[in-house]
Amino acid sequence: MIRHVKLLDFHKDMSDSDKRIAAYKIKQGVENLNDKVPGLISVEAEDILLPSSNSDMIIVGKFEDEAAIKAYENSPLRLNFSSVWNKAVASVKTANFVE
């Protein structure tokens, strides 16, 4: 199994309210993919991070293999909410590791 981790940073000029709304929409969109993308074992998103964090949001997925990550990334279901992501997210860092 592979863990797929994304750290998201929202645009600095966004209000706290706009960040919370975007985070909610991204969380709902990502977590709605559970049981809908082949090879995706589970995925969750969190925007209530500890003050020691230096990102605005984290997404953690568990996948059968790297091919499943690619299928997830290109899934039409995921791309349906990409407009929210594209407007709100300034940068993304990704890490994958074998569990």
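Scroll up a little and you will see the structure.
So, a few notes on the structure that sits alongside this text.

About the criteria used
- Residues numbered from 1 in each chain as written.
- Predicted model: local features only at pLDDT ≥ 70, side-chain atom pairs only at ≥ 80, totals over all residues.
- Heavy atoms only, no water.
- Phe/Tyr/Trp six-rings, centres within 6.5 Å; stacked < 30°, edge-to-face > 60°.
- Lys NZ or Arg CZ within 6 Å of the ring centre and 35° of its normal.
- Salt bridge = Lys/Arg side-chain N within 4 Å of Asp/Glu carboxyl O.
- Helix = DSSP H or I, 4+ residues; strand = E, 2+ residues; numbered from the N terminus.
- Buried < 20%, exposed > 50% of the residue type's maximum accessible area, 1.4 Å probe, protein only.
- Arc of directions from axis to C-beta.
- Contact = heavy atoms within 4.5 Å.
- Polar contact = N/O pair within 3.5 Å; in protein donor to acceptor, adjacent residues only side chain to side chain.

Moving on, we come to the packing of aromatic side chains. Using the criterion set out here, one finds one aromatic pair in the structure. R78 extends its terminal NZ or CZ atom over the ring of Y72, reaching a point 5.7 Å from the ring centre.

Turning to the pattern of salt bridges, a few remarks are in order. According to the stated counting rule, one finds five salt bridges in the structure shown. The shortest N-O distance in the salt bridge between K27 and E31 comes to 3.0 Å. Pair noted here: K27 and E31 are both in helix α1 (residues 16–31), with a separation of four residues, about one helical turn. A relative accessible area of 27% means that E31 is categorised as partly exposed. For E73, the salt bridge identified is with R78, shortest N-O distance 3.4 Å. Assigned by exposure class, E73 and R78 land together as buried. A network of salt bridges, in which partner residues are shared, links R3, K62 and E99.

It is worth spelling out helix α2 (residues 66–73) at this point. One turn of the α-helix equals 3.6 residues, which is why residues spaced by three or four share an orientation. Of all the positions in α2, only A68, I69, Y72 and E73 are classed as buried. Buried positions in α2, seen along its axis, are confined to an arc of 140° and lie on one side of it. In α2, the exposed residues that point more than 90 degrees away from the buried face are A67 and K70. Tucked into the core, α2 has its buried residues touching β1 (2–10), α1, β2 (40–46), β3 (57–63), α3 (76–79) and β4 (89–98). Its side-chain oxygen placed 3.2 Å from the backbone nitrogen of A67, D65 serves as the N-cap of α2.

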